[in-house]
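# Architecture and fold: a report
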Amino acid sequence: TYDPSIGNELVAQTSFNTYETAVLKLGHIVDEKTLVYVSGGAALGQITRTDSKPSSLGIYDGLFYSPFTSSDSNNLAVGYALGAGIEHKLDLHWALRLNFEFLTFNNFKTNITNGRSSGDCSYYNDCPRSFKQENSIQLSNLSVGLTYGF
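Residues numbered from 1 in each chain as written. Predicted model: local features only at pLDDT ≥ 70, side-chain atom pairs only at ≥ 80, totals over all residues. Heavy atoms only, no water.

### So, the packing of aromatic side chains
A full pass over the atoms with the stated rule returns two aromatic pairs. Note on Trp 94 and Tyr 148: the rings are 4.9 Å apart at their centroids and 65 degrees apart in plane angle, and the pair reads as edge-to-face. Taken together, the positions of Trp 94 in strand 6 (residues 94-114) and Tyr 148 in strand 7 (residues 129-148) put the pair 54 residues apart, joining distant regions of the chain. Look at Trp 94 and you get partly exposed, because its relative accessible area is 36%. By relative accessible area, which is 40% here, Tyr 148 ends up partly exposed. Centroid distance Tyr 148 to Phe 150: 5.3 Å. Interplanar angle 85 degrees. Geometry classified as edge-to-face. Residue classification places Phe 150 among the exposed residues on the basis of a relative accessible area of 91%. One aromatic cluster in this structure is built from Trp 94, Tyr 148 and Phe 150. One residue, Lys 25, lies across the ring of Tyr 37, its end atom 4.4 Å from the ring centre. (Phe/Tyr/Trp six-rings, centres within 6.5 Å; stacked < 30°, edge-to-face > 60°. Helix = DSSP H or I, 4+ residues; strand = E, 2+ residues; numbered from the N terminus. Buried < 20%, exposed > 50% of the residue type's maximum accessible area, 1.4 Å probe, protein only. Lys NZ or Arg CZ within 6 Å of the ring centre and 35° of its normal.)

In structure tokens form, the structure reads like this:
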């Protein structure tokens, strides 16, 4: 909670850096050149959580400027992926594909400690504070591709 008398606000940012999926596809051949499919499987995501004070000068508490503090948490989140798509062969080697993918990472948890790590923190109102946060992240991806088969 933010208390303007001591300036204890934090700026929180969650970055979704990268993800990988391992999926199984189940499809139906519409004609000799077209495949329609659904997919499902596991997803792993690299997520960075950053919590910091909003000014590099620190926050004024009425007597002193509290030093700028920042805390990062890098985590690997586990989730699932669902999708659907279509592939159409253009000739013997080339195919055009359209794929939609939905990913969700439920109950992603972070533990953050923010504040001075040592020394007298009574003047700064910046004693170490820790909190836990739980989020869910969902994203959708639509891709179009041209593939070459040997």
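### As for the nonpolar core
Of all hydrophobic cores here, the largest spans eight residues; its members are Ala 43, Ile 47, Ala 77, Ala 81, Leu 103, Phe 105, Ile 137 and Leu 139. Counting only elements with at least two residues in this core, the list comes to strand 2 (34-52), strand 5 (70-89), strand 6 and strand 7. Those residues in contact with Ala 43, other than ones at most four positions away along the chain, are Glu 20, Thr 21, Ala 77, Val 78, Gly 79, Tyr 80, Ala 81, Leu 103 and Phe 105. (Core = buried A, V, L, I, M, F, W, Y, C linked by side-chain atoms within 4.5 Å. Contact = heavy atoms within 4.5 Å.)

### Notes on the environment of Arg 49
Here Arg 49 shows up in strand 2. Separated by 33 residues in the primary sequence, Arg 49 and Phe 16 place their C-alpha atoms 8.8 Å from one another.

### What to know about the side chain of Ser 39
With respect to the secondary-structure elements, Ser 39 resides in strand 2. Sequence-distant contacts of Ser 39, that is, excluding residues within four places in its chain, are made with Val 23, Leu 24, Lys 25, Ala 81, Leu 82, Gly 83 and Ala 84.

### Quick look at the pattern of salt bridges
Across all of its chains, the model carries one salt bridge by this definition. A salt bridge links Lys 25 to Glu 87; its shortest N-O distance comes to 3.9 Å. Of this pair, Lys 25 sits in strand 1 (residues 11-31) while Glu 87 sits in strand 5, placing them 62 residues apart in sequence. Looking at Glu 87, the relative accessible area reads 25%, which means it is partly exposed. (Salt bridge = Lys/Arg side-chain N within 4 Å of Asp/Glu carboxyl O.)

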